[in-house]
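Below, each chain spelled out in residue letters.
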Amino acid sequence: MNRVMTCGAVLAAAVAAAAFTRALPSPLIVGPALLTMTATASVVAGWPRTLGALAPVTAGTGLVSAAGTLAWLTAPGGPGMTWTYLHTLALLTLITLTVRRVRPSLAIPATAVAAVAEALLAQQVTQPVSTALDAALFGLFWSLGTAAAVGLGLYLRALDVHREHAVLDARRAQRVQLARDLHDFVAHDVSAMVVQAQAARVLLSRAPEEADAVLREIEQDGTRALAAMDRTVRTLRELEGDGVSAEPLPGLDDLPELVSRFAGTGFPSAELVMTPPGPVPREVGTTVYRVVVEALTNIRKHALPGSDVTVAVTGDPGGVRLTVADRPPASTPQPLPTTAPVSAEEAVSTAGSVRPRPLTGARAGLGLVGLAERVTALGGTFDAGRAADGGWAVTAVFP
């Protein structure tokens, strides 16, 4: 409503200024000028709902303007002056909007019609002219306004395209970020639930009282996975502008609890060593936590029964050094077929701890690739591979 009132006030002021500064010129000048100014004001007032009608309005007003000027040239009277200037300004506004927002297949013909009409308006200012050449040259000079309007429209169109691409790139980056969050945190807890579920199947028939504890662990892992998903949803809502602040991501302070949970899923020899050189930036702490989660998830999937696991966060000449390594037992059993059903002997280690089936094949998955990108983005180095003792080691150094 405010935009409509503003456009109406501007149009009324323009008409009043044109009417009272001098006597009204020919109706063939005033009529098309009023029509073009009214159409321009209506398009601006109703924007963006009027976008679909922009090309027809531009072409239509151009045709009416050209027809009015050609009819006036058959019996020219006094020059248009103020009316012509306002008419030209309205046409240039329509041309700029059309070039900026209308697809080329419609914008080109509509702009061409309006450009011809704008060039003909020069005759309303220069009448009478001595020769046709003078009229053509002045019309070409008057068309500089059209060139400026087209250039402005193309510039604004390029800015719009750049902005749209920037938004798409940002959304794509957000999707990748959220996918990594789900992989880093939810997959870790879900893999723990799978291990515990395998153990519960064995214990239900052999030791029901211990199965209850395992089921409680499954419940806790499921709760943590739901919390991670809830955090991701909160982040999505925050990115959409809902004003919901996301919960802080875990960091170094959460590593003891993470390693403790991991030890409870069948790796009782898991050890955490933390001697960082000093305060660690939040983004580094979060990335360290993600690396540890991914490395422990891979160990849970692939390490052999009886493996020792060490997580070390220590000082390094370059900054902070993280190492996550598993060391297979002295007498390494043959890996079990991944398609075989889980038996009690397969699920329970010699110490009585529940253990998953080892998986054969490559150890480094796509999750480590994403973590390498995160570490590199912080200016660090990342390495993952098989160690000399036959285990697997993940190392990250942060500046």
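Residues numbered from 1 in each chain as written. Predicted model: local features only at pLDDT ≥ 70, side-chain atom pairs only at ≥ 80, totals over all residues. Heavy atoms only, no water.

A. Quick look at the packing of aromatic side chains. Tallied over the entire structure, the rule returns three aromatic pairs. Here phenylalanine 138 and phenylalanine 141 contribute two aromatic rings whose centre-to-centre distance is 5.9 Å and whose plane-to-plane angle is 40°, an arrangement assigned as tilted. You can see phenylalanine 138 and its partner phenylalanine 141 sitting in helix α7 (residues 132-142), three residues apart, about one turn around the helix. Owing to a relative accessible area of 25%, phenylalanine 138 belongs among the partly exposed residues under this scheme. Through pairs of rings, three or more aromatic residues link up here, namely Tyr85, Phe138, Phe141 and Trp142. (Phe/Tyr/Trp six-rings, centres within 6.5 Å; stacked < 30°, edge-to-face > 60°. Helix = DSSP H or I, 4+ residues; strand = E, 2+ residues; numbered from the N terminus. Buried < 20%, exposed > 50% of the residue type's maximum accessible area, 1.4 Å probe, protein only.)

B. Summary view of the confidence of the model for the protein chain. Across the protein chain, the average pLDDT comes to 75, with 67% of residues at or above 70. Looking at the elements of the protein chain, mean pLDDT is at its lowest for helix α12 (residues 344-347), recorded as 34, and at its highest for helix α5 (residues 104-120), recorded as 94. For residues 242-246, every residue scores under 50 in pLDDT, and the model assigns this stretch nine contacts once sequence neighbours within four places are set aside. Of the regions scoring below 50 in pLDDT, residues 333-366 engages in 60 contacts with residues more than four places distant in sequence or in other chains. (pLDDT = per-residue confidence, 0-100. Contact = heavy atoms within 4.5 Å.)

C. The arrangement of the packing of helix α3 (residues 54-74) against helix α4 (residues 82-101) in detail. α4 packs onto α3 with a crossing angle of 150° between their chain directions and a minimal axis gap of 9 Å. One element, α3, and the other, α4, form an angle in the roughly antiparallel class. The way α3 lies across α4 gives a crossing that is left-handed. On the side of α3, the interface is formed by Leu54, Val57, Thr58, Thr61, Gly62 and Ser65, while α4 contributes His87, Leu91, Leu94, Leu97 and Thr98. (Axes fitted to C-alpha atoms, helices over the stretch in contact; angles between N-to-C directions. Parallel < 35°, antiparallel > 145°, perpendicular 65-115°, else oblique. Left-handed = near helix turned anticlockwise from the far one by under 90°.)

D. Inspection of a nonpolar patch on the surface at higher detail. A grouping of Leu152, Tyr155 and Leu159 is seen on the molecular surface, where their side chains present a nonpolar patch of about 290 Å² in accessible area. You can see tyrosine 155 is positioned in helix α8 (residues 144-206). Its relative accessible area of 52% is what places tyrosine 155 among the exposed residues. (Patch = residues over 30% accessible without salt bridge, like charges linked within 9 Å, V, L, I, M, F, W, Y side chains within 5 Å. Areas by Shrake-Rupley, 256 points an atom, 1.4 Å probe, with all protein chains shown as cover. Salt bridge = Lys/Arg side-chain N within 4 Å of Asp/Glu carboxyl O.)

E. Here's a closer look at the nonpolar core. Counting 31 residues, the largest nonpolar core has Val288, Val292, Leu296 and Leu322 as the members making the most contacts within it. Those elements that place two or more of their residues in this core are α10 (255-263), α11 (282-302), β2 (308-316), β3 (319-327), α13 (366-377) and β5 (392-398). Excluding anything up to four places from it in sequence, valine 288 contacts Leu252, Leu255, Val313, Leu322 and Phe398. By size, the runner-up hydrophobic cluster in this structure holds 13 residues, among which are Leu91, Ile95, Val99 and Leu120. (Core = buried A, V, L, I, M, F, W, Y, C linked by side-chain atoms within 4.5 Å.)

F. Structural context of α10. Buried residues of α10: Leu255, Leu258, Val259, Arg261 and Phe262, and no others. Projected down its long axis, α10 carries its buried residues within an arc of 160°, all on one side. (Arc of directions from axis to C-beta.)

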